[in-house]
Amino acid sequence: MRDHKAQIKQWTRQQTRLARRYSIPIIILGLISSVIAVGLAWCAAELLARILITTKSMKMVGFYLAGFVILSILRSAVLFFQEILATKAGIKAKHQLRMSLIHSIMKIGPSVLHHQSSGILSSLMVDQIESLDGYFSRWMPASVLWVAAPLIILVFLTIVEPWLALIIGLCGLMVPIAQAIFGIGAAVAARKQFLAMTRLQARFLDRIKGIATIVLSGRTEDEAQKLLQSADELRRRTMRILRVAFLSSAAIDCAMVIAIILVSVTEGSQFVHHDSWNQISVIHALFALLLIPEFFAPLRSLALAYQDRARLNGTAESVLELPDVKAKQITAPTMLNVGTHAPEIVFDHVSFSWDEARGKAIDDISFDLKQGEILILSGKSGSGKSTIIEMLLGFIQPTAGEIRFNGVALPKIVPDALTKITTWIGQKPVIFAGTIRENILFAKPSASEEALQAALQAASIHPFLSSLPEGLDTRIGEGGYGLSGGQAQRIAIARAFLKNAPLLLLDEPTAHLDPETEKDIFETLKNLIHNRTVVLATHSTASQMFQGLRLDLHHGKLIAQTRVN
Amino acid sequence: MTDILENPENKNVEMNINSFKNANYSVSNQPISASTAFKQILKVWRKRYFSLFFGCILSLIALGFGLGLMCLAGGRIAMTALGIFAVSSILLKIMGVGRILMRYVERLYTHNAMFKALSDLRLWFFRQLAKGSASGLGFRHRGDVLSRLVSDIETLDGLYLRLLIPFIGSILTFFVFIGVVGYINPGLGLTIAALYSIGAFFLPLVTAFITREKGRSIIQGLAQLRIDIVDFLSGLREIRAFGAENRLQDTIETKEHFLFQKQQDQAFSVALMGVLAFLCGQLAMLCIFAAAFGLFFDKITPFQTVIALFLVLTGFENVIPLTKAGGLAGQILNAAIRIVGINEKCSIVPDGHEEAPLNTDIVFKNVGFRWSDEHQWIYRNLNFSIEQGSRIAILGASGAGKSTLAALILKVVLPVEGVIEFGQKDMTNLTNESIRKRIGWLSQDTHLFDDTIRENLLLGNSRATDEALWQALNEAAVADVVQAMPDGLDTWLGEGGVKVSGGQGRRIALARTLLSQAPVLLLDEPTTGLDADTEKEFFDILNRVAAHRTIILIMHRLTGVEKLDKIWRVANGQLTLEKQ
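Residues numbered from 1 in each chain as written. Chains lettered and ligands numbered in written order. Predicted model: local features only at pLDDT ≥ 70, side-chain atom pairs only at ≥ 80, totals over all residues. Heavy atoms only, no water.

### A short note on the nonpolar core
Part 1: Ranked by size, the top nonpolar core spans 149 residues in total, and within it Ile292 and Phe296 of chain A together with Leu121, Leu188, Ile192, Phe289 and Phe316 of chain B carry the most contacts.
Part 2: Of all the elements, helix α4 (residues 90-131) of chain B adds the most residues to this core, at 16 residues.
Part 3: Filtering out sequence-adjacent residues up to four positions away, Ile192 of chain B remains in contact with Phe177, Val181, Ala284, Ile288, Val312 and Phe316 of chain B.
Part 4: With 122 residues, the next largest nonpolar core counts Trp139, Ile403, Val408 and Leu505 of chain A among its residues. (Core = buried A, V, L, I, M, F, W, Y, C linked by side-chain atoms within 4.5 Å. Buried < 20%, exposed > 50% of the residue type's maximum accessible area, 1.4 Å probe, protein only. Helix = DSSP H or I, 4+ residues; strand = E, 2+ residues; numbered from the N terminus. Contact = heavy atoms within 4.5 Å.)

Okay, structure coming up:
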């Protein structure tokens, strides 16, 4: 547990260090703004003194009025640039953070979804990072300014009137004490709330995905009530934080009010008792009174930004829940390329388990697949076919044994080289939001129009293309709305033709298709298989049309190995 | 996705949905206007009116204490300076304590009231979404719907907390300026009130106007980014397989850059307006000094000067935050439109008013159906019936219209011609929910929720006991699998049921359907994606367990183990009886 906290601290510190340099100019502007505020208060106090005390000469009125105008304009300029720089700082920091997350997730690969639902991950990468805006643009500068700005004001006040400086300074000191008491409570509650928020969001996303199932089960009202309950739960948690957070800003209010009352009462009495001090004191008292809001403003900004800080901690927790990226980086003395021809693949007593409790997904499997040969993995769902394919894609590493490509152990191969020689077609190809053309060119954006047409031809996409209103440029949505399973699969096959890689991995490509469509797809695949090393995982009997090495799997174990030529 | 319409035979559903012009359906193709959106939201919030109103009153009291405190403090110093003996500091202390307390109470109360109103809105949104989603989400992106439900609704809290309450406060301040400063010196009072109006009303309005377009593009930019990120996460395999890491990163960076650009634009306008608002306040102070020296205005007394000055100082404090809130108005407006417009371009089957009867005979009488006037008829003069308790299969090749038939039976779409009767009653008059409670639906697209097995099963029947759950699992032949899991019924299924194999997932879904006690089971290609052995097992189970229920099997072919009373074949928009 302590280790976990230390990790969070380390991560936050790292982010803070990266973003610090963006906040330095904002801090400098903030300090300048405070100095100008002192000047403005002085001008106002001098003017008021000349109005209140009839004996005071009316000289310098013009000077102070001009000063007031010039300083006002200066301050407005400073305020403006402070805002602009704060936005920029937030943007730069968010960008950095998002990109580093994308890199981590790419490194971990699809197995990240075994640890975390895509709802939580997407909310982490979009909303949670956006919500950190305040941390970088507000909290970071405020965390320095809340000490520095009041101190500058206090220095000027001490020069003018030490007694008043002491009163205001003491009141100011109440604030960090109150912050320490309330702030810690608020931070803990805020972190909990943040987790609740993320979980709620994951729940929403899942319910949205299954909305038709809910509606068609006649369960809309029940689910709506459950949703209301979780939304209410979220509200209660949020209120718990706010109760404490508002208390800490009430403490600032309290300190400020006490300072105002003390300054006006103390100085008020002084005027009565020490007539001789009258002239000077009234300026000082007004000066102090005018400065009190300025003195407390940075403290208030910090209190407002306190939630922003808690947000960073919440994000840190979500990020650290991702599987450890560093552990997966394998340091090989020499990284090797593999040739561009169809590879030979050897499994040497390979085992794999997702976690200890669930047992082995793959148990001691060995085979030798020759160049250009077809490997047919057959077995029921859950027998370990997909796990073997995941290994060949390099997403997971065997817990025991070794996989070799052309005699080179898999971990020693440059990942890019592996990607170059492999094409993969899964059960349900992911269709990205965009047109059909974009989706096929995804495999090779640099492909020429001829190559694209050839791929379309080879994958037999033309028949259904002609039925679409805009042909190749028809938009298909997330999840491939409007495309049938067979059509989506043909897009995947066209991608594979376009990429033209020597190793072809087919992970139950017909699992969601009816037998006629399945037969069509297999026919089309026959063209693709030519001259490539192929691994085909399937439970379909139609796969008997392919010849090669056949492995029968059951619960991760190899029960039969036959070679048909 | 769990779209009943997303089946092979409805290739071009997207066009169908978009070109819906059928008189039977309420299809809103017109974009929703801001006023309609707000009217709808206010309607949802009707029962919160009192607490929202009371929150406004509290905030006004708090503001009053704040104004009083600064005036008294300044006035006190002025009085002593002028040699008038000061009144006791009791009033000052009351004002001070009042301000601290009231501000705390007011903020807690208003936030709580607002969050309650947001919960109401989420509930309303979900119900609306459900109304338009019997056939799945269609062209609406999951990520987009989620951001409407979560962040757009959250944005709306600014409507009350950051716009309405400060606005009401500034109306009070405005009249205080008119009343107090105007009493001292009408010309000065009017000038300051005018400056205040510029700062507190006009500039926020201008900000709102300028940022309206930008606010919309910020929300859109965010939604676009989310879509790309969801694509990125679900397509990790494809990305690796095609070496598209850099390209995907570029796409995301482009979307992010677009969003950032808009955020920066907006920050620029808001900062500019904020500065102008600040200058209004400074100008108001300058006017008071001028009046004190008798320049431009009638001269005011020193005491009046101090009161006016501190009033202005405190009163103008909320002007800069108000201008910033004005910048939110655009976002809030667009969020409201997006929330209310969730069912835009969706067809909603009108709800009936009668409960579905106990009798479950389903009779098609001269039913004709097509997606729109421009489309070809899928069915014409279709007549057939499914008697209570009978077991029938409807066979047909891909594209013959099998899933459209399922949609008609489930009242996801209404017939264009003719009548479908459910228990001798016209289905149009029956409530959608009651029909769907009577018909248990299972297809390859049935969604397994990212929840425990127990919660997934309870979706079928929320009052089922553990015993009933186990019995259903047993009937669906997965009890042993669940028993072997370390947490039994409380095992987490994972997103889309990733923690179990496809066949096991389908059987859990079957258990859920069996649990529902629905007298009619509509099974639409329930075994697609299962291997031959598992498929046979599945139908064996079905033969045994659903003895007393009506079974409607929609398949492209039979395995031979199904026990059936009738087999219908769909071809050319007609059903022909194949076996009696």
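Back to the text.
### Focus on the packing of aromatic side chains
Part 1: Overall, the coordinates contain 20 aromatic pairs over all chains when judged by the stated rule.
Part 2: Consider the rings of Phe80 of chain A and Phe268 of chain B, whose centres lie 5.4 Å apart with planes at 80°: the pair is edge-to-face. Taken together, the residues span two chains, with Phe80 of chain A in helix α2 (residues 61-108) and Phe268 of chain B in helix α9 (residues 245-292).
Part 3: Overall, the relative accessible area of 12% leaves Phe80 of chain A in the buried class.
Part 4: A relative accessible area of 43% means that Phe268 of chain B is categorised as partly exposed.
Part 5: On the numbers, 5.2 Å between centres and 70° between planes, the contact of Phe177 of chain B with Tyr196 of chain B is edge-to-face. With Phe177 of chain B in helix α6 (residues 157-184) and Tyr196 of chain B in helix α7 (residues 186-234), the pair connects residues that are 19 residues apart, well separated along the chain. Comparing Phe177 of chain B with Tyr196 of chain B, the two get one shared label, buried.
Part 6: Members of the aromatic cluster, joined through ring pairs, are Phe167, Phe174, Phe175, Phe177, Tyr196, Phe201 and Phe316 of chain B.
Part 7: Above the face of the Phe442 of chain A ring, Arg247 of chain B is positioned so that its terminal group lies 5.4 Å from the ring centre. (Phe/Tyr/Trp six-rings, centres within 6.5 Å; stacked < 30°, edge-to-face > 60°. Lys NZ or Arg CZ within 6 Å of the ring centre and 35° of its normal.)

### Here's the deal with helix α5 (residues 133-160) of chain A
Part 1: Its 28 residues give α5 of chain A an end-to-end C-alpha distance of 39 Å, which sits within 8% of 40 Å, the value for a rise of 1.5 Å per residue.
Part 2: Within α5 of chain A, the axis deviates most sharply at Leu145 of chain A, by approximately 45°. (Expected span 1.5 Å × (residues − 1). Bend = angle between axes of the 7 residues up to and from the residue.)

### Description of helix α10 (residues 302-315) of chain B
Part 1: Here α10 of chain B is 14 residues long and its end C-alpha atoms lie 20 Å apart, about the 20 Å a rise of 1.5 Å per residue gives.
Part 2: Looking at α10 of chain B, one finds that the buried residues are Thr305, Val306, Ile307, Ala308, Leu309, Phe310, Leu311, Val312, Thr314 and Gly315 of chain B.

### Examining the pairing of strand β12 (residues 557-563) of chain A
Residue and element names in this part refer to chain A.
Part 1: Relative to β12, strand β11 (residues 549-554) runs antiparallel, the two sharing six bridges. Paired with Leu549 across the strands is Arg563, a residue of β12.
Part 2: Between the end of β11 and the start of β12, which pair antiparallel, lie two residues, with His555 showing a positive phi angle near 50°. (Pairing = 2+ DSSP bridges.)

### Re a nonpolar patch on the surface
All names here are of chain B.
Part 1: Residues Phe50, Phe53, Phe54, Ile57 and Ile61 make up a contiguous nonpolar surface patch of about 490 Å² in total accessible area.
Part 2: Within the secondary structure, Phe54 sits in helix α3 (residues 49-81).
Part 3: Overall, the relative accessible area of 35% leaves Phe54 in the partly exposed class. (Patch = residues over 30% accessible without salt bridge, like charges linked within 9 Å, V, L, I, M, F, W, Y side chains within 5 Å. Areas by Shrake-Rupley, 256 points an atom, 1.4 Å probe, with all protein chains shown as cover. Salt bridge = Lys/Arg side-chain N within 4 Å of Asp/Glu carboxyl O.)

### Considerations on the pattern of salt bridges
Residues and elements named next belong to chain B.
Part 1: Applying the stated criterion to the full structure yields 33 salt bridges over all chains.
Part 2: Measuring nitrogen to oxygen at the nearest pair gives 3.1 Å for the salt bridge that ties Asp490 to Arg454. Placement of the pair is Asp490 in the loop between α16 (479-484) and α17 (502-515) and Arg454 in helix α14 (residues 453-458), with a sequence separation of 36 residues.

### So, the packing of α6 of chain B against α10 of chain B
Residue and element names in this part refer to chain B.
Part 1: For the pair α6 and α10, interaxial distance at closest approach is 11 Å and the crossing angle is 165°. Taken as axis vectors, α6 and α10 run roughly antiparallel relative to one another. For the element pair α6 and α10, the recorded crossing hand is left-handed. Contact with α6, carried on its side by Thr173, Val176, Phe177, Val180, Val181 and Ile184, involves Gln304, Ala308, Leu311, Val312 and Gly315 of α10 and no other residues of that element.
Part 2: Its residues assigned to classes, the contact of α6 with α10 comprises eight nonpolar, three polar and no charged. (Axes fitted to C-alpha atoms, helices over the stretch in contact; angles between N-to-C directions. Parallel < 35°, antiparallel > 145°, perpendicular 65-115°, else oblique. Left-handed = near helix turned anticlockwise from the far one by under 90°. Nonpolar A, V, L, I, M, F, W, Y, C, P; charged D, E, K, R; others polar.)

### Here's the deal with the interface of chain B and chain A
Part 1: Contacts between the two partners involve 146 residues from chain B and, on the opposite side, 151 residues from chain A.
Part 2: Taken together, both faces of the contact between chain B and chain A bury some 13600 Å²; the carbon and sulfur share is 69%.
Part 3: Summed over the three residues of chain B that lose the most area to chain A, namely Arg237, Arg240 and Phe242 of chain B, the buried surface amounts to 6% of that side.
Part 4: Run the count over chain B and chain A and you get eight salt bridges.
Part 5: At the boundary of chain B with chain A, the tally comes to 17 residue pairs in polar contact (both at pLDDT 80 or more).
Part 6: Broken down by element, the residue count for the side of chain B that touches chain A peaks at 23 residues, all from α9 of chain B. (Buried area = accessible area lost by both parts, 1.4 Å probe. Polar contact = N/O pair within 3.5 Å; in protein donor to acceptor, adjacent residues only side chain to side chain.)

Spatial relationships are all this shows, so hold off on functional conclusions.
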